[in-house]
Amino acid sequence: MTSPTASRTIVVGAAQLGPVQREDSRESVVARMITLLHEASSRGCQLVVYPELALTTFFPRWFVDDIGEADHWYETSMPGPSTQPLFDEAKKLGIGFSLGYAELTDPDARGTRHRYNTQILVDGHGSIVGRYHKVHIPGHAGHEPDRPFQHAERYYFEPGPEGFGVWRSFGGLIGMMTCNDRRWPESYREMGLQGVEMILCGYNTPIHYVPDPSQDILQGFHNSLVMQAGAYQNGTWVVGVAKGGVEEGVDSLGQSCIIAPSGQIVAQAYTTGDELVVASCDLDWCKRYKDTLFDFDKYRRPEVYTRITSQRGAVIAPENG
Ligand code: ING
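Residues numbered from 1 in each chain as written. Predicted model: local features only at pLDDT ≥ 70, side-chain atom pairs only at ≥ 80, totals over all residues. Heavy atoms only, no water.

This part covers a nonpolar patch on the surface. There is a patch of nonpolar side chains on the surface, built from Ile217, Leu218, Phe221 and Leu225 and spanning about 410 Å² of accessible area. Inspection of the secondary structure puts leucine 218 in the loop between β8 (198-203) and α5 (219-234). (Patch = residues over 30% accessible without salt bridge, like charges linked within 9 Å, V, L, I, M, F, W, Y side chains within 5 Å. Areas by Shrake-Rupley, 256 points an atom, 1.4 Å probe, with all protein chains shown as cover. Salt bridge = Lys/Arg side-chain N within 4 Å of Asp/Glu carboxyl O. Helix = DSSP H or I, 4+ residues; strand = E, 2+ residues; numbered from the N terminus.)

Turning our eyes to something else, we now look at the environment of alanine 14. Structurally, the position occupied by alanine 14 is in strand β1 (residues 9-16). Looking at alanine 14, the relative accessible area reads 0%, which means it is buried. Along the sequence, alanine 14 and serine 98 sit 84 residues apart, while their C-alpha atoms lie 9.8 Å from each other. Setting aside residues up to four positions removed in sequence, alanine 14 forms contacts with Val49, Val239, Gly240, Val241, Ile258, Glu275, Leu276 and Val277. (Buried < 20%, exposed > 50% of the residue type's maximum accessible area, 1.4 Å probe, protein only. Contact = heavy atoms within 4.5 Å.)

All right, on to the pairing of β1 then. Burial analysis of β1 places 7 of its 8 residues in the buried class, the great majority of the element. Here β1 runs beside strand β14 (residues 275-282); their pairing, made up of 8 bridges, is antiparallel. Pairing of alanine 14 across the sheet is with valine 277, part of β14. As paired elements, β1 and strand β2 (residues 47-49) share 3 bridges and run parallel to each other. Bridge pairing links valine 12 to leucine 47 in β2. At this point the chain moves from β1, through helix α1 (residues 26-42), to the parallel β2, and the crossover so formed is right-handed. (Pairing = 2+ DSSP bridges. Right-handed = clockwise from strand over helix to strand, strands pointing away.)

On to empty space enclosed by the protein, then. Overall, the coordinates contain 2 cavities of 30 Å³ or more when judged by the stated rule. As for the largest cavity, its lining consists of Phe58, Arg61, Asn204, Pro206, Lys243, Gly244, Glu247 and Ser252. For the lining of the largest cavity, a count of residues per class yields 2 nonpolar, 3 polar and 3 charged. Approximately 30 Å³ is the volume attributed to the second largest cavity. Here the lining of the second largest cavity is built from residues that sort into 4 nonpolar, 3 polar and 1 charged. (1 Å grid on protein atoms, 1.4 Å probe; cavity = no way out; pocket = protein on both sides within 12 Å on 5 of 7 lines; lining within 4 Å. Points joined across faces, edges and corners; volume = space filled by probe spheres on them. Nonpolar A, V, L, I, M, F, W, Y, C, P; charged D, E, K, R; others polar.)

The subject of this paragraph is the side chain of serine 169. Inspection of the secondary structure assignment puts serine 169 in strand β6 (residues 166-169). Using a relative accessible area of 10% as the deciding quantity, one classes serine 169 as buried. Discounting residues that sit within four places of it in the chain, serine 169 has contacts with Leu121, Asp123, Val129 and Ile174.

Bringing the sheet that holds strand β12 (residues 257-259) into the picture now. Ordered in space as β6-β7-β8-β9-β12-β13, the 6 strands form an open sheet in which the pairing is mixed. Each having just a single partner strand, β6 and β13 (265-268) make up the two edges of the open sheet. On average, each strand axis in the sheet is tilted by 20 degrees relative to the strand beside it, whichever way the strands run. Each of β6, β7 (172-178), β8 and β9 (237-242) touches helix α4 (residues 185-192); the most contacted strand, β7, lies at about 160 degrees to it. Against the sheet, α5 contacts β8, β9, β12 and β13, and its axis sits at roughly 25 degrees relative to β12. (Axes fitted to C-alpha atoms, helices over the stretch in contact; angles between N-to-C directions.)

Time to look at the site of the ligand. Taken together, 15 residues form the shell around the ligand, and within it Glu153, Cys179, Asn180, Arg183 and Thr205 come nearest. One nitrogen or oxygen atom from the side chain of asparagine 180 is found 2.8 Å from an oxygen atom belonging to the ligand. Protein contacts shield 95% of the accessible area of the ligand, which totals 370 Å² for the unbound molecule. Mapping the ligand onto the cavity grids shows that it belongs to the second largest pocket. (Near = heavy atom within 4 Å. Polar contact = N/O pair within 3.5 Å; in protein donor to acceptor, adjacent residues only side chain to side chain. Sits in = over half its atoms within 2 Å of the grid points.)

Structural measurements only, silent on function.
What follows is the structure, encoded as C-alpha cells:
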C-alpha cells in the first residue's frame, strides 16, 4: 500500500511507429521498437505503448481469397522468436509495455483456430499480465475491388468475445482498447465502470476514408476528439499510439498523444515516423473527476439507459401519432 502522500505517477512513453512496409521483417520492426525502448529508458519511462498490429504492415489493406495465405501475418506464440528480444530487453530495463499484433490462436475444444486483433500488457518483469481482443472491427468482410485499398478487418479478425478488461498493474488500473474502439463511447465506459485510470490504445488510421472522403480532412480532429472526450467523461488517462506515415502507399495518421483525465492533451507527436512521446502521468489526477462530476454511483441512471445494451441499431422514433 503506497503511503497517502506518495503520488502514483507513471512515466509513460507512447512509442509511435512510422510505416512498416510489406517486405519489412518482424526483426527489423522489433529493432526499431528496441531503439524506442532505449530512448524510453533514458527518459525514465516505466511503461511503453506500441501501436496496433505493430509487427507487420497493415495487411487488411489487401484481400486474399484463401485466408490461409495470410497466416504469416499472424503470431502463433507470444513471445515468439522475433519478439523474444523485445521481451528480454524490456525485462532487462525493468520497463513494461503494451503491444498490438495479429493473433492466430491454437485450436480450441472444437478444433477452431481464432484470428484476433490482439493487444497485450507486459509488466516490468516481462510477464504478460493482460490480453485484449479488439471488440469493434471496422471496415468490410468481402473483397471490394473498386476501393483504392481494402480495409478488410472484418475478414481477417473476429470481434473479441471477452469485452473490455482492466488490470491492476504499474500501481494503478490499466485498460486496453484498439483503434476503432476509441470511436465508441461504450469502450471507455465499460472500462470506466471498472475504475480504469489509464487506457492504452494503438491505432492504424488511413487518412483517406473511402466511404466518405469528406472526413479525410477531419481525421486528426476526430482522433483527438474521441480520446479527449473518453478520457474526460471517465476520469482516466488515455494513451493513443499510431503507426503513421505512408505505408504501402496509404497515408496513415500519426498524432500519437497522451491525454489527462481532464481531457487535456499533455504530449503529442509532431512527426509521422518513429517517435517517442513521454509524459509523467499522476494517476491520482483521476480522482478529481471520478469523485466529482463523474461520480458514476451518484449520478448515473442505468435504469433509463436500457437501449444502450438492449439494442444494436437505432430504432427510429415513430411519427408523432
Ligand atoms: N482503423 C480505422 C479507425 O477506426 C477508420 C478505421 C479509418 C475509421 C478512418 C474511420 C476513418 O481508426 C482501424 N484499424 O480501426
